[in-house]
Each structure stands twice: as C-alpha cells, then as structure tokens.
Amino acid sequence: MNGQFIIKIGTDLLEFSNYNDIPDKFDNVIIFKPEFPDSPHSEEDHKFIETLDGKLKELMKRETNASGN
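Being a predicted model, the structure only gives us computed values, none of them experimental.

**Brief notes about the overall build of the protein**
Part 1 of the argument: In terms of regular secondary structure, the protein is built from 1 helix and 3 strands.
Part 2 of the argument: Mapped from its N terminus to its C terminus, the protein presents α and β elements in the order β-β-β-α.
Part 3 of the argument: Overall size of the protein, expressed as C-alpha extent along the three principal axes, is 40 × 20 × 15 Å.
Part 4 of the argument: Here the protein, with 69 residues, has 28% of them falling under the buried criterion.
Part 5 of the argument: Taking all contacts inside the protein whose residues are at least 6 apart in sequence as the whole, residues at least 24 apart take part in 45%.
Part 6 of the argument: Here the protein has roughly 4,900 Å² of accessible surface; of this, 47% comes from carbon and sulfur atoms.
Part 7 of the argument: Averaging the locations of the 8 positively and 14 negatively charged side chains of the protein gives two centres separated by 6 Å.

Rules behind the numbers
Throughout this document, residue positions are counted from 1 along each chain, in the order its sequence is written. Restriction of local features to residues with pLDDT of at least 70 applies here, the model being predicted, together with a cutoff of 80 or more for giving and counting side-chain atom pairs; totals for whole chains, interfaces and linings are based on all residues. Only heavy atoms go into the side-chain values, all of them from the structure, while hydrogens and water stay out. The numbering of helices and of strands both runs from the N terminus, where a helix is a DSSP run of H or I of at least 4 residues and a strand a run of E of at least 2. Per-residue accessibility, obtained with a 1.4 Å probe over protein chains only, is compared with the maximum for each type, and a residue is labelled buried under 20%, exposed over 50%, and partly exposed between these values. Two residues qualify as a contact provided that any one of their heavy atoms is within 4.5 Å of a heavy atom in the partner residue. For the area figures, the Shrake-Rupley method with a 1.4 Å probe applies, and any residue is considered shielded solely by the protein chains shown. Positive charges come from Lys and Arg, negative ones from Asp and Glu, while His and the chain ends are left out of the count. By convention, the charge on Lys lies at NZ, on Arg at CZ, on Asp at CG and on Glu at CD.

Structural data, given as structure tokens:
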C-alpha cells in the first residue's frame, strides 16, 4: 500500500511511501496517510478502504513508545 507514512525512532523521523517498508518496531506513528483510490469507488476499492483502520491499528501495536505500552 502506498501513501505517506512517518514514524519516529529515537529523535529521527523516517518517512516511507510503502506501508510494507515500515520497520517491525519503532517508537511512534507520526503520520498515517494512505493513498485512496480515485472516485467513483468500485466494490474492490471499498473493501480496500475498509482495511485501513486495521492497518493503522496494526502499526500502533508495533509502537514501542506508545501510551500504555
């Protein structure tokens, strides 16, 4: 999945354009901005969009410096 994804490791902010390139562990998610399909959306587009909340939650589980971790 493409988009703008910025994470923090220590004092460094690292930017990724591909979700799959984000490391397994990092301190914090700073920006989660996936690319959305152009309108009008197909049924397949809607199914993809419905997965985005889960992908953000997955990243948040990988944070090592998150509140409550």
